[in-house]
Amino acid sequence: MLYLKSLHIVFVVSWFAGLFYLPRLFVNHAMVEDAATRERLAMMEMKLYRFMTPLGILAVALGLWLWFGYGFAGGWLHVKTLLVVGLIGYHLYCGRLMREFAAGRNTRSHVWYRYFNEIPVLVLFVVVFLVVLKPF
């Protein structure tokens, strides 16, 4: 089980790297004016999204494996599971935003994306404290 837990942590860290960086690319994309830079950012976003999606799937799959191995006990785990479902939704919404950028249909400012970029940071703080402290 410790190997599974180790792999789960590695894939979670890797997935979060993508969740941190993709919206940061959106900030830059929303600010840029020239077509060549927009195309380059759209390509970078697509490649990152394709890379981080399997990492997220592996993180969630290993988390489920651990859940079935250890059991689903404690209120903290219910909250963590709800936050992970929210992160999956965030990830999928990032894919939608990426497609809007690629099609030239972005309607949001770089300021909106700066705030949007902070969501996974806040979720990470809560999840780490839940997992380590198991407060309830």
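Details of the structure are given in the entry above.
Thresholds, definitions, all that
- Residues numbered from 1 in each chain as written.
- Predicted model: local features only at pLDDT ≥ 70, side-chain atom pairs only at ≥ 80, totals over all residues.
- Heavy atoms only, no water.
- Axes fitted to C-alpha atoms, helices over the stretch in contact; angles between N-to-C directions.
- Helix = DSSP H or I, 4+ residues; strand = E, 2+ residues; numbered from the N terminus.
- Parallel < 35°, antiparallel > 145°, perpendicular 65-115°, else oblique.
- Left-handed = near helix turned anticlockwise from the far one by under 90°.
- Contact = heavy atoms within 4.5 Å.
- Nonpolar A, V, L, I, M, F, W, Y, C, P; charged D, E, K, R; others polar.
- Core = buried A, V, L, I, M, F, W, Y, C linked by side-chain atoms within 4.5 Å.
- Buried < 20%, exposed > 50% of the residue type's maximum accessible area, 1.4 Å probe, protein only.
- Expected span 1.5 Å × (residues − 1).
- Arc of directions from axis to C-beta.
- Salt bridge = Lys/Arg side-chain N within 4 Å of Asp/Glu carboxyl O.

Asks: Explanation requested: the packing of helix 2 (residues 35-70) against helix 3 (residues 75-102) in the structure shown.
Replies: The relative placement of two packed helices is expressed as an angle between their axes plus a distance between the axes. Packing of helix 2 against helix 3 leaves a shortest axis separation of 11 Å and a crossing angle of 160°. For the element pair helix 2 / helix 3, the angle class is roughly antiparallel. You can see that helix 2 and helix 3 cross each other, and the crossing is left-handed. Counting all contacts with helix 2, which are made through A42, E45, M46, Y49, M52, T53, V60 and W67, the residues of helix 3 involved are L77, V84, I88, H91, L92, C94, G95, M98, F101 and A102. Here the residues of the contact of helix 2 with helix 3 are counted per class, giving 14 nonpolar, three polar and one charged.

Asks: Even after reading the chapter, I still don't get the packing of helix 1 (residues 2-31) against helix 2, so can you show me in this structure?
Replies: The N-to-C vectors of helix 1 and helix 2 enclose an angle of 150°; their axes lie 7 Å apart at closest approach. Judged on the interaxial angle alone, helix 2 and helix 1 are roughly antiparallel. Relative to helix 2, the crossing made by helix 1 is left-handed.

Asks: Would you mind going over the nonpolar core with me for this structure?
Replies: Inside soluble globular proteins, nonpolar side chains tend to come together where they are buried. Grouped together as the largest cluster of nonpolar side chains are 28 residues, with contacts concentrated most on L19, L22, F26 and Y113. Contributing elements (two or more residues each) for this core: helix 1, helix 2, helix 3, helix 4 (110-116) and helix 5 (119-133). Per-element tally for this core: the top contributor is helix 1, with nine residues. Residue contacts for Y113: discarding those within four places in its chain leaves P23, F26, V27, A30, L97, F101, N106 and R108.

Asks: Just to check I follow, could you spell out helix 5 for this structure?
Replies: In an α-helix, one turn spans 3.6 residues; hence positions three or four apart end up facing the same way. Taking 1.5 Å per residue as the helical rise, helix 5 with its 15 residues ought to reach 21 Å, and the 21 Å between its terminal C-alpha atoms agrees with that figure. Residues of helix 5 that are buried: P120, V123, V127 and L130. In an axial view of helix 5, the angular spread of the buried residues amounts to 90°, which keeps them on one side of the axis. Facing away from the buried side of helix 5 by over 90 degrees, the exposed positions are L122, F125, V132 and L133. Structurally, helix 5 contributes buried residues whose contacts are with helix 1, helix 3 and helix 4. K134 sits one or two positions beyond helix 5 and adopts a positive phi of about 45°.

Asks: Just checking my understanding: could you explain the pattern of salt bridges for this structure?
Replies: Pairing between side chains becomes possible if they bear opposite charge and their charged atoms approach one another. Applying the stated criterion across every chain yields a total of two salt bridges. Across the pair E100 and R96 runs a salt bridge, and its minimum N-O distance is 3.4 Å. Placement of the pair is E100 and R96 together in helix 3, with a separation of four residues, close to one helical turn. You can call E100 buried: its relative accessible area is 13%. Given a relative accessible area of 46%, R96 falls into the partly exposed group.

Asks: Teacher, can you tell me more about the side chain of H91 here?
Replies: By the element assignment, H91 lies in helix 3. Judged by relative accessible area, which is 6%, H91 ranks as buried. When neighbours within four sequence positions are excluded, H91 is seen to be in contact with W15, L19, Y49, M52 and T53.

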